[in-house]
Number of protein chains: 4
Amino acid sequence: MTVIDLNSDLGESFGAWRMGDDHAMLDIVTSANVACGFHAGDPAGILRTLRAASKAGVAVGAHVSYPDLVGFGRRNMDPSSAELIGDVIYQIGALKGLAAAAGLAVTYVKPHGALYNTIASDKRQAADVITAIQAIDPQLSLVALAGSSLVAQAREAGLTVIPEAFADRAYNADGTLVSRRQPGAVLHDPDLVARRMLRLVTEGVVETVDNRMVRIDAESICVHGDSPSAVAMARHIRQRLESAGIKLQPFSLPRTA
Amino acid sequence: MTVIDLNSDLGESFGAWRMGDDHAMLDIVTSANVACGFHAGDPAGILRTLRAASKAGVAVGAHVSYPDLVGFGRRNMDPSSAELIGDVIYQIGALKGLAAAAGLAVTYVKPHGALYNTIASDKRQAADVITAIQAIDPQLSLVALAGSSLVAQAREAGLTVIPEAFADRAYNADGTLVSRRQPGAVLHDPDLVARRMLRLVTEGVVETVDNRMVRIDAESICVHGDSPSAVAMARHIRQRLESAGIKLQPFSLPRTA
Amino acid sequence: MTVIDLNSDLGESFGAWRMGDDHAMLDIVTSANVACGFHAGDPAGILRTLRAASKAGVAVGAHVSYPDLVGFGRRNMDPSSAELIGDVIYQIGALKGLAAAAGLAVTYVKPHGALYNTIASDKRQAADVITAIQAIDPQLSLVALAGSSLVAQAREAGLTVIPEAFADRAYNADGTLVSRRQPGAVLHDPDLVARRMLRLVTEGVVETVDNRMVRIDAESICVHGDSPSAVAMARHIRQRLESAGIKLQPFSLPRTA
Amino acid sequence: MTVIDLNSDLGESFGAWRMGDDHAMLDIVTSANVACGFHAGDPAGILRTLRAASKAGVAVGAHVSYPDLVGFGRRNMDPSSAELIGDVIYQIGALKGLAAAAGLAVTYVKPHGALYNTIASDKRQAADVITAIQAIDPQLSLVALAGSSLVAQAREAGLTVIPEAFADRAYNADGTLVSRRQPGAVLHDPDLVARRMLRLVTEGVVETVDNRMVRIDAESICVHGDSPSAVAMARHIRQRLESAGIKLQPFSLPRTA
């Protein structure tokens, strides 16, 4: 039986500000990338999300970021290795602590935003993130962009890597994502997206912007939940996969603390 | 053989700003209260301090604070229970993560500044701190003001409590600290302070501001390291205690992660 | 012809997080209390709000706060006088700068959240806020809770004070607000609220929780815009007042920079 | 009579953390680049520095930065134009407000750290900083790296630009600074540095790392004050220039608010 994981960014409210619909998404996804306070997430709010994830039986990962609340971690920065290693360990540790309080274990790490994009190709910052994970807990998996150099780099370093595809993004012929600055980079038709993801899971391929097929080795699919239509698309993807007999399951089973 | 612990606040630099002389203090104290980022301490700097503590064989505790960098955690705040519980767990978790990267285990929690003073008597916020510690790791000890209501409150809740005395502070006849707003609240003579601490350790008493004796049940002595004269006073206290045959030892032995 | 001002809190988004509907409210109110970055508001977002206020012909005031983003300025703090004076001047200055870039002058100051409540009765912090306003620009008016001791204190110090009433709050017989912890403290019926405000403007009285009348000397009415129903209530109040021939007008006319 | 300005970074303490010796430097320099809270400086501390600058008759400029306290504004970031424009206006406004409270007018802007280096060549971010200055106060001068493309870009936009040289930095043959990553980039001999600066002021040239002469059109010299030896070097430079009959004077006379 074919199995796939669905992951999404959760816990991204901050103080009085709400973002996303964590409760709706916890019924859809199997893995929750939980904000750690550097781009989003205050401790009390993170803990609420973790408790809800625990109830929902969803696996949790540390969604680590550059320290940039006002920029939501979407702006490039050039921290030193010591700074980046420290920041990543700090965030994972904080989330592990809150997860323990919710009776959960953190099972993976997924870098967020600009850090995610940077380490897909920047070997130095990628090495720092790998070093950080190994320093705090080498059992943690790393979720990384399928096809990026990070996948091999982290595996060579000994980490378990979970390559992921993006449900609502167009792909180039070389398996890279079409830049958001290009027209057509983001897909909005839930039915099209669901069909693409079904094909990805069953055949391992995605149709590219120029109507070719590209092989994508993904063990998880990233879906969004930051708007009602995003939640609806995520739900649609899940239903389509389940209707086709695919089993939705976290790549690492959720563990109690 | 009589045994006592010496603790001090470390890791209180922040980014480009230095505070205290962590390396000097790690030769003097047996327990390091390490800042967790809310009143002081950036992750890379905290990690440096933890590695130095590991080398020095000093036990480490989480020096948790209200979220107030600009006020150095010295200003009263009134967080809700959910906020305070979340903040304390987050900080302990972050420090546990960085300590693990340094090969160390965090063995205790000592609240900082305004939070320390508040929970010495505020039962609600005290209960929140206790709840937070038990939620993340009930094996952690709590360092609390000797004679405060927090000592009994935390023990009743099941925590191991380490009551502490302050080396450079004057005491009232009821065992409370003379307020810093009173003249004579802070003692500056290293020799006098060292003699007082020797008597505390050997006889369990401290002379009060009105020349009486008060019983102080302390298992640790807090010394400061935020100026060269503070470091010198701390060193003097240690030497005096050692000369009298007292063994300096952390109340919880440092553990590897 | 009777004239009244309607004020509301605007510019309270922060980075990627949205709060309130500034554009809707700018069609309703005559004065906008604009966040200054300490409880909400990032510079780019504040500037957008100020430009929209400029187009709408709405007067703008500095909505100054304790430095507490994660707590949205709603938590009590005890800054020193030097800290509070500095913080208030800094925020007013920042808003004056952004307003100048939008072609506007800031005409008043309204403290936010916990600071607003504290200085309604705390003379020391009130004096600090007054000192700050006079140090940067003594022409700025201060919006204060009608009936509070702050009104007289600030007038004695030479400031122009605009006492305000709260549209959706119940009043005690002594003219104070019913605490939010009491049932019935917040009113939800737009029609009732609009009738109360009409009576306030025309007769200078409000019906209290125990069905008496209390005199409220208000030159502005605070309305909320943080939810669609709040926006609808604010619109209803405005329409009711206008239907009764009341002129809606800022207490200080908006000025260009 | 030849005239030159000496500028230095001041107001860089933050809360409980001290940096530099503002009082010593205010006796040496003629222009103070005052931190605005984004890389350093809390409002109360900034106000203290501004009051001391007012007493010392030193001109003050806004030392604007990327928002990065923990990185002290030394890390590259890629803010959007809206973000950068907003951030720069906000900081200038905040400093103008605090300066007004100290009876001073801000007369110039000097970007700090990574922002300074970036806009020396990045035209987009440079344009954003220019836009921000013109939006809040086009009378403000801009201090920029002598020889950088920013000098011409800002002058074309209509700003008064003050090109500056760095006293303790080695220069390449093309007039650019030797990168700090190169050996010999920073000069430590106070006497050598003072002689170089005297020649710069009297002849308009600096000796390069490869022993040639390069023309540097500088109207201000940047000196540092972040260590006792830096203060001593700055004092030495001033004395040497004065002994040679050079008049030390701010490029813009300090103005009262």
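Bear in mind the structure is a predicted one, so any value in this text is a computation, not a measurement.

Enquirer: Can you walk me through the interface of chain A and chain C in this structure?
Expert: Accessible area lost upon the coming together of the parts is a frequently used measure of interface size. Counting residues at the interface gives 15 residues for chain A, matched by 15 residues for chain C. At the boundary of chain A with chain C, total buried surface from both sides reaches about 1,100 Å², with 80% on carbon and sulfur atoms. Where chain A meets chain C, there are two residue pairs in polar contact (both at pLDDT 80 or more). Split by residue class, the side of chain A that touches chain C holds eight nonpolar, three polar and four charged.

Enquirer: Looking at this model, I keep getting lost on the relation of the copies chain A and chain B. Mind explaining?
Expert: Two chain copies, one operation linking them: a rotation about an axis together with a shift along it. Least-squares fitting of chain A to chain B yields an RMSD of 0.0 Å, with the superposition described by an axial translation of 0.0 Å and a rotation of 180°. Here the two chains are linked by the operation of a two-fold rotation axis. Residue Ala 94 of chain A, judged by its C-alpha, is the member of chain A lying nearest the rotation axis, at 2.0 Å. Most of the interface of chain A is mirrored in chain B: 100% of its interface residues are interface residues there too.

Enquirer: When you look at the pattern of salt bridges in this model, what are you seeing that I'm missing?
Expert: Between side chains of opposite charge, a pair can form as their charged atoms come close. Summed over the entire model, instances satisfying the criterion amount to 48 salt bridges over all chains. The salt bridge involving Glu 242 of chain A is made with Arg 238 of chain A; its shortest N-O contact spans 3.0 Å. Note that Glu 242 of chain A and Arg 238 of chain A are positioned in helix H8 (residues 228-243) at a spacing of four residues, about one turn of the helix. For Arg 238 of chain A, a relative accessible area of 18% corresponds to the buried category. Of the charged contacts, one joins Asp 217 of chain C and Arg 215 of chain C as a salt bridge, the two residues approaching to 4.0 Å between their closest N and O atoms. Among the charged side chains, a network of salt bridges with common partners joins Asp 68 and Arg 75 of chain A together with Glu 83 of chain D.

Enquirer: Can you walk me through the relation of the copies chain A and chain C in this structure?
Expert: The two copies are related by a screw operation: chain A maps onto chain C through 180° of rotation and 0.0 Å of translation along the axis, at an RMSD of 0.0 Å. When the interface residues of chain A are mapped onto chain C, 100% of them again fall at the interface, so both copies present the same face.

Enquirer: When you look at helix H3 (residues 81-101) of chain D in this model, what are you seeing that I'm missing?
Expert: With 21 residues, H3 of chain D should cover 30 Å at 1.5 Å per step; its first-to-last C-alpha distance of 30 Å lies within 8% of that length. Following H3 of chain D by one or two positions, Gly 103 of chain D has its phi on the positive side, about 80°.

Enquirer: Explain the pairing of strand S3 (residues 59-63) of chain C to me, please; I cannot follow it from the model alone.
Expert: Within a regular beta strand, the side chains point alternately toward one face of the sheet and then the other, so they alternate between its two faces. All names here are of chain C. Of all five residues making up S3, five are buried, and the element is well covered by its neighbours. Side chains Ala 59, Gly 61 and His 63 project from S3 onto one buried face, and the interleaved Val 60 and Ala 62 project onto a second face that is buried too. The pairing of strand S2 (residues 31-35) with S3 spans five bridges and is parallel. Paired with Ala 32 across the bridge in S3 is Val 60. Crossover S2 to S3 through helix H2 (residues 43-56) is right-handed. Between the parallel pair S3 and strand S4 (residues 104-109), the chain is carried across by helix H3 (residues 81-101), and the sense of this crossover is right-handed.

Enquirer: Would you mind showing me how to read empty space enclosed by the protein here?
Expert: All names here are of chain A. Throughout the structure, instances matching the rule amount to two cavities of 30 Å³ or more. Every residue lining the second largest cavity is listed: Ala 167, Asp 168, Cys 222, Val 223, His 224, Ala 230, Met 233, Ala 234 and Ile 237. Broken down by element, the lining of the second largest cavity gets its largest block of residues, four residues, from H8. Classifying every residue of the lining of the second largest cavity gives seven nonpolar, one polar and one charged.

Enquirer: Would you mind going over the environment of Ile 92 of chain D with me for this structure?
Expert: Of note, Ile 92 of chain D is situated in helix H3. With 22 residues separating them along the chain, Ile 92 of chain D and Val 70 of chain D place their C-alpha atoms 21 Å apart.

Enquirer: Explain unusual backbone geometry here, please?
Expert: Residue and element names in this part refer to chain C. Of note in this structure, Phe 72 is not a glycine but carries a positive phi near 55°. Relative to the helices and strands, Phe 72 resides in the loop between S3 and H3. Its identity is not glycine, yet Asn 211 carries a phi of approximately 65°, on the positive side. Mapped onto the secondary structure, Asn 211 falls in the loop between strand S7 (205-207) and strand S8 (213-215). The exposed category is assigned to Asn 211, whose relative accessible area is 60%.

Enquirer: Could you clarify how one ought to interpret helix H6 (residues 149-156) of chain A in this entry?
Expert: Each turn of an α-helix holds 3.6 residues, which means side chains three or four residues apart point in the same direction. Residue and element names in this part refer to chain A. When we look at burial in H6, the residues that qualify are Leu 150, Val 151, Gln 153 and Ala 154. Buried residues belonging to H6 abut helix H4 (113-119), helix H5 (123-136), strand S5 (141-145) and strand S6 (161-166). Just beyond H6, the residue with positive phi is Gly 158, at close to 105°.

Conventions used here
Residues numbered from 1 in each chain as written. Chains lettered and ligands numbered in written order. Predicted model: local features only at pLDDT ≥ 70, side-chain atom pairs only at ≥ 80, totals over all residues. Heavy atoms only, no water. Contact = heavy atoms within 4.5 Å. Buried area = accessible area lost by both parts, 1.4 Å probe. Polar contact = N/O pair within 3.5 Å; in protein donor to acceptor, adjacent residues only side chain to side chain. Nonpolar A, V, L, I, M, F, W, Y, C, P; charged D, E, K, R; others polar. Least-squares fit on C-alpha atoms with pLDDT ≥ 70 in both. Salt bridge = Lys/Arg side-chain N within 4 Å of Asp/Glu carboxyl O. Helix = DSSP H or I, 4+ residues; strand = E, 2+ residues; numbered from the N terminus. Buried < 20%, exposed > 50% of the residue type's maximum accessible area, 1.4 Å probe, protein only. Expected span 1.5 Å × (residues − 1). Pairing = 2+ DSSP bridges. Right-handed = clockwise from strand over helix to strand, strands pointing away. 1 Å grid on protein atoms, 1.4 Å probe; cavity = no way out; pocket = protein on both sides within 12 Å on 5 of 7 lines; lining within 4 Å. Points joined across faces, edges and corners; volume = space filled by probe spheres on them.

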